[in-house]
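Understanding the architecture of this molecule
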Amino acid sequence: MDSTALRVVPLGGLGEIGKNMTALRQASGMILIDAGLSFPDEEMPGIDLVLPDFTYVREHASELRGVFLTHGHEDHVGALPYLLREFPEVPVYGTRLTLELVRPKLREFGIKNAELREVRPGERVDTAGYTLEFIHVNHSIPDAVAIAAHTAAGLVVFSGDYKIDLTPIEGGTTDLSRLAALGSQGVLAYFGDSTNSERPGYVPSERVVSNALRDIFDEAPGRIIVASFASHLHRIGQVVEAAKLHDRLIAVTGRSMVRNVQIARDLGYLNIPASMMVEQHEINNIPDRDLVILTTGSQGEPLSALSRIANETHKTIRVRQDDTVIIAAHPIPGNERKVSRVINDLMKRGADVHYSPLKPVHVSGHAAQEEQKIMLSLLKPRYLVPVHGEYRHLRHHFNTAVSMGFPTERIFLLENGSQLEFRAGEARRLQNVPAGMFLIDGASFGDTASDVVVRERQQLSADGMFVVVARINAQSGELLGAPDVISRGFVYMRDADGLLQEAIEVVSSTLQETARHHITDWGELKNSIRRDLSRFLADRTGKRPIILPLIVEV
Ligand SMILES: [Zn+2]
Ligand SMILES: [Zn+2]
């Protein structure tokens with residue numbers, strides 16, 4: 001590579017919400033910004049986690065010099081253990097809280113010697129020919145930063161997840177003056193958060209939530225149960241403050257919630273005196289009016305504490321009349337139905353349930369259109385690349401920039417794997433690199449489930465399955481008697497006698513044909529059965545069930 005060029009390759013986070021990861025490559029080395037994961041959608045049955053495809057990183061492994069984290073949310077750090085398992089030497093840079101949230105994840109993976117380097121907002125790090133600068137931004141978690149990378153080709157700014165909160169509940173306002181200073185220095189390209197770009201105006205301040213919580217606490221006749229993201233430490237902090245104001249004790253349930261609350265207390269991001277904390281086994285000994293229960297499950301995750309409380313499978317907590325439940329998070333697109341089910345269950349059992357947007361118990365951590373405009377006018381970048389979002393979000397960010405007079409030819413709507421090269425102040429697209437997704441199947445945690453498994457599950461749920469049992473002579477490969485055919489989830493058997501009879505005939509003639517060619521190899525026999533039967537069933541029914549041939553040698 002030319003020593004004045006820079007390539008930026010988003011490997012995740014474009015065309016989707018989640019698994020943010022971007023590679024920067026220049027002659028002196030490669031760095032990554034974030035290594036996030038995402039959660040599967042309903043078209044991936046049985047899959048628990050989705051990671052970015054590391055192929056590009058692998059191809060340039062010898063150039064990898066560092067991973068720089070913007071903040072501690074899963075969609076920015078969740079893939080890190082998987083990355084470090086493959087590249088254990090690479091140093092990881094992040095702010096204090098971000099690294100503390102990463103540490104227990106690495107421990108879970110048995111990664112002990114990771115090189116974690118703490119950075120502070122305002123600080124600069126020189127590595128591999130890059131100077132990286134960390135700029136404080138508001139988001140829904142403390143210690144979030146934007147990253148400005150001074151590279152061989154010029155200054156490139158990544159917003160990370162941000163909003164502009166002029167009355168934040170901690171940490172001060174997004175460092176607008178530093179962003180403005182970078183702008184007057186000359187920003188070559190800006191990679192800006194698009195999550196909320198469909199939303200006009202400004203995102204309300206976190207303060208709004210404090211007020212809403214206080215009102216609900218004022219009215220609550222019994223216990224209060226609050227569900228939030230375990231990583232949403234601002235929200236958790238606000239619940240704690242409301243509890244203090246109303247003299248309520250706090251119990252924490254849900255594994256990740258327990259862990260994050262502990263980390264945040266240890267680091268001083270959450271101020272909960274020990275005397276306020278209630279152990280889980282004591283929950284039922286505390287008078288209802290004196291208790292707040294903090295829990296996970298704001299997304300309706302079926303195995304989360306809130307879902308278990310709602311469907312009465314939680315081991316210690318039963319929902320009851322006079323309980324007040326607050327769901328302090330928006331459902332991530334795709335989770336609406338699950339959340340709705342939890343709300344219904346809770347209400348049926350007599351709880352009073354509060355959720356956004358009916359009550360402002362949650363505000364977004366992502367900039368809306370006016371904030372995006374402020375960012376653009378401070379940074380005055382030559383190029384804009386909207387990131388973090390589905391295509392429609394990227395497109396709205398594009399529109400917002402255009403409404404300010406930003407030239408369309410200097411906005412790039414990219415996808416995962418797009419390659420942008422900067423050289424001599426200009427940008428151009430190069431050929432895409434591989435950037436799919438990598439699926440993690442919870443049943444075999446840490447192992448990978450291939451696309452094949454997902455396809456099979458989809459096929460099973462849509463078209464069912466067909467089992468063929470054939471007895472053949474081990475020597476000659478000849479079929480002994482008629483094969484048995486069993487189907488599940490395919491067609492109702494009683495209506496399908498004719499079809500099944502024909503299917504048996506198809507299998508018989510396939511095996512007569514293979515016997516004529518003296519084929520006795522099981523693999524080949526099974527493939528022949530699958531091929532012929534699948535063609536027949538697709539012709540007759542338009543369905544493609546999974547076909548499972550079993551060969552019994554006699
Ligand atoms: Zn975030
Ligand atoms: Zn994010």
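On a predicted model such as this, the values are computed, not experimentally measured, just so you know. (Residues numbered from 1 in each chain as written. Chains lettered and ligands numbered in written order. Predicted model: local features only at pLDDT ≥ 70, side-chain atom pairs only at ≥ 80, totals over all residues. Heavy atoms only, no water.)

1. Some details on the overall build of the protein chain
Heads up, the condition is: Only DSSP runs of H or I covering at least 4 residues are called helices, and only runs of E covering at least 2 are called strands; the numbering of each starts at the N terminus. Three labels apply to residues, based on accessible area from a 1.4 Å probe with only protein chains included: buried if under 20% of the type maximum, exposed if over 50%, partly exposed otherwise in between. Working definition of accessibility: Shrake-Rupley area with a 1.4 Å probe, residue cover restricted to the visible protein chains. In summary, the charge assignment counts Lys and Arg as positive and Asp and Glu as negative, without counting His or the chain termini. A charged residue contributes its charge at one atom only: NZ of Lys, CZ of Arg, CG of Asp or CD of Glu.
The helix and strand tally for the protein chain stands at 15 helices and 26 strands. Along the longest, intermediate and shortest principal axes, the C-alpha atoms of the protein chain span 80 × 70 × 45 Å. Sorting the 554 residues of the protein chain into buried and exposed places 55% on the buried side. Working note: accessible area of the protein chain is about 23500 Å², and carbon and sulfur atoms make up 49% of it. Averaged over its 59 positive side-chain charges, the protein chain has a centre that lies 1 Å from the centre of its 70 negative ones.

2. Side note on the coordination of the zinc ion (ligand 1)
When a metal carries six donors in an octahedron, the ideal angles between them are 90 or 180 degrees, while four donors in a tetrahedron ideally lie at 109.5 degrees. Formally: Listed donors are limited to N, O and S atoms within 2.8 Å of the metal, widened to 3.2 Å for Na, K and Ca; water is not among them, so incomplete-looking sites are possible. Geometry assignment treats four donors as tetrahedral when all angles are between 85 and 135 degrees, treats four as square planar and six as octahedral when opposite donors are over 155 degrees apart and all others between 65 and 115, and treats everything else as irregular.
Looking at the zinc ion (ligand 1), one finds its protein donor set to be His 71 (NE2), His 73 (ND1), His 139 (NE2) and Asp 161 (OD), positioned 2.1 to 2.3 Å from the metal centre. Every donor counted, the four donor atoms about the zinc ion (ligand 1) form angles of 89 to 166 degrees at the centre, which fits irregular coordination.

3. Regarding the coordination of the zinc ion (ligand 2)
Here the zinc ion (ligand 2) is held by the protein donor atoms Asp 75 (OD), His 76 (NE2) and Asp 161 (OD), which lie 2.0 to 2.2 Å from it. Read in sequence order, the donor residues for the zinc ion (ligand 2) give the motif D-H-x84-D.

4. Looking at a nonpolar patch on the surface
Test applied: Patches were defined on residues exceeding 30% relative accessible area and lacking a salt bridge, with like-charge contacts within 9 Å and nonpolar side-chain contacts (Val, Leu, Ile, Met, Phe, Trp, Tyr) within 5 Å. A pair is scored as a salt bridge if a Lys or Arg side-chain nitrogen falls within 4 Å of a carboxyl oxygen belonging to Asp or Glu.
Taken together, Leu 480, Val 552 and Val 554 make up a surface patch of nonpolar side chains, about 240 Å² in accessible area. Residue placement: Val 554 occurs in the segment after strand E26 (546-553). Taking relative accessible area as the criterion, Val 554 reaches 60% and is therefore assigned exposed.

5. Remarks on the pattern of salt bridges
The full count for this structure, using the stated rule, is 27 salt bridges. Put simply, Glu 133 and Arg 178 hold a salt bridge, and the shortest N to O gap is 2.4 Å. Of this pair, Glu 133 sits in strand E9 (residues 130-136) while Arg 178 sits in helix H5 (residues 176-185), placing them 45 residues apart in sequence. Under the relative-accessibility criterion, Glu 133 is labelled buried at 2%. One salt bridge connects Glu 206 with Arg 235, and the closest N-O pair in it is separated by 2.8 Å. Of this pair, Glu 206 sits in the loop between strand E12 (189-193) and helix H6 (207-219) while Arg 235 is found in helix H7 (residues 233-245), placing the two residues 29 residues apart along the sequence. Take Glu 206: its relative accessible area is 1%, and that puts it in the buried class.

6. Digging into the environment of Pro 121
Heads up, the condition is: The contact criterion used throughout is that any non-hydrogen atoms of two residues lie within 4.5 Å.
Looking at where Pro 121 falls in the secondary structure, it is placed in the loop between strand E7 (116-118) and strand E8 (124-127). Placed 105 residues apart in sequence, Pro 121 and Glu 16 show a C-alpha to C-alpha distance of 28 Å. In this structure Pro 121 touches Thr 95, Phe 134, His 136 and Val 145, once residues within four positions along its chain are discounted.

7. Section: the sheet that holds strand E14 (residues 249-252)
Put simply, the rule reads: Pairs of strands are assigned from DSSP output, requiring at least two bridges between the strands. In this analysis, axes come from line fits to C-alpha atoms, helices being fitted only over the stretch in contact, and the angle between any two N-to-C directions falls in the range 0 to 180 degrees.
One open sheet holds the six strands; their spatial order is E15-E14-E16-E13-E17-E18, and the pairing between them is parallel. At either margin of the open sheet sits one strand with a lone partner, and together these are strand E15 (277-278) and strand E18 (352-355). Running at roughly 125 degrees to E14, helix H8 (residues 255-267) makes contact with E14, E15 and strand E16 (291-295) of the sheet. Of the strands in this sheet, strand E17 (324-327) and E18 touch helix H10 (residues 336-348), which is tilted by about 155 degrees from E18.

8. Comments concerning the packing of aromatic side chains
For clarity, the cut-off: For Phe, Tyr and Trp, where Trp contributes only its six-membered ring, two rings pair if their centres lie within 6.5 Å, and the inter-plane angle classes them as stacked under 30 degrees, edge-to-face over 60, or tilted in between.
Within this structure, the stated rule accounts for six aromatic pairs. Arranged with centres 4.7 Å apart and planes meeting at 20 degrees, the rings of Phe 158 and Phe 191 form a pair that is stacked. With Phe 158 in strand E11 (residues 155-158) and Phe 191 in strand E12, this residue pair connects regions lying 33 residues apart in the sequence. With respect to class, Phe 158 is no different from Phe 191; both count as buried.

9. A short note on the side chain of Thr 253
Stated precisely, the cut-off is as follows: Contacts described as polar in this section are N or O atom pairs within 3.5 Å, which, within protein, must combine one atom able to donate a hydrogen with one able to accept it, while residues neighboring in sequence count only if both atoms come from side chains.
Inspection of the secondary structure assignment puts Thr 253 in the loop between E14 and H8. Relative accessible area serves as the criterion here: at 2%, Thr 253 is assigned to the buried category. Looking at Thr 253, its side chain comes within polar contact range of the side chain of His 314, at 3.4 Å. Apart from residues no more than four positions distant in its own chain, Thr 253 is found in contact with Val 258, Gln 280, Ile 293, Leu 294, Thr 295, Thr 296, Ala 305, His 314 and Ile 317.

10. Description of helix H12 (residues 391-403)
Stated formally: Each helix should span, by expectation, one fewer than its residue count multiplied by 1.5 Å. The reported arc concerns the directions from the helix axis to the C-beta atoms and nothing else.
Here H12 contains 13 residues, and its C-alpha end-to-end distance of 18 Å stays within 8% of the 18 Å for a straight helix at 1.5 Å per residue. All of the buried residues in H12 are His 393, Leu 394, His 397, Phe 398, Thr 400 and Ala 401. For H12, the buried positions fall inside an angular range of 160 degrees around the axis, keeping them on one side. Directly after H12, the chain includes Gly 405, whose backbone phi takes a positive value near 90 degrees.

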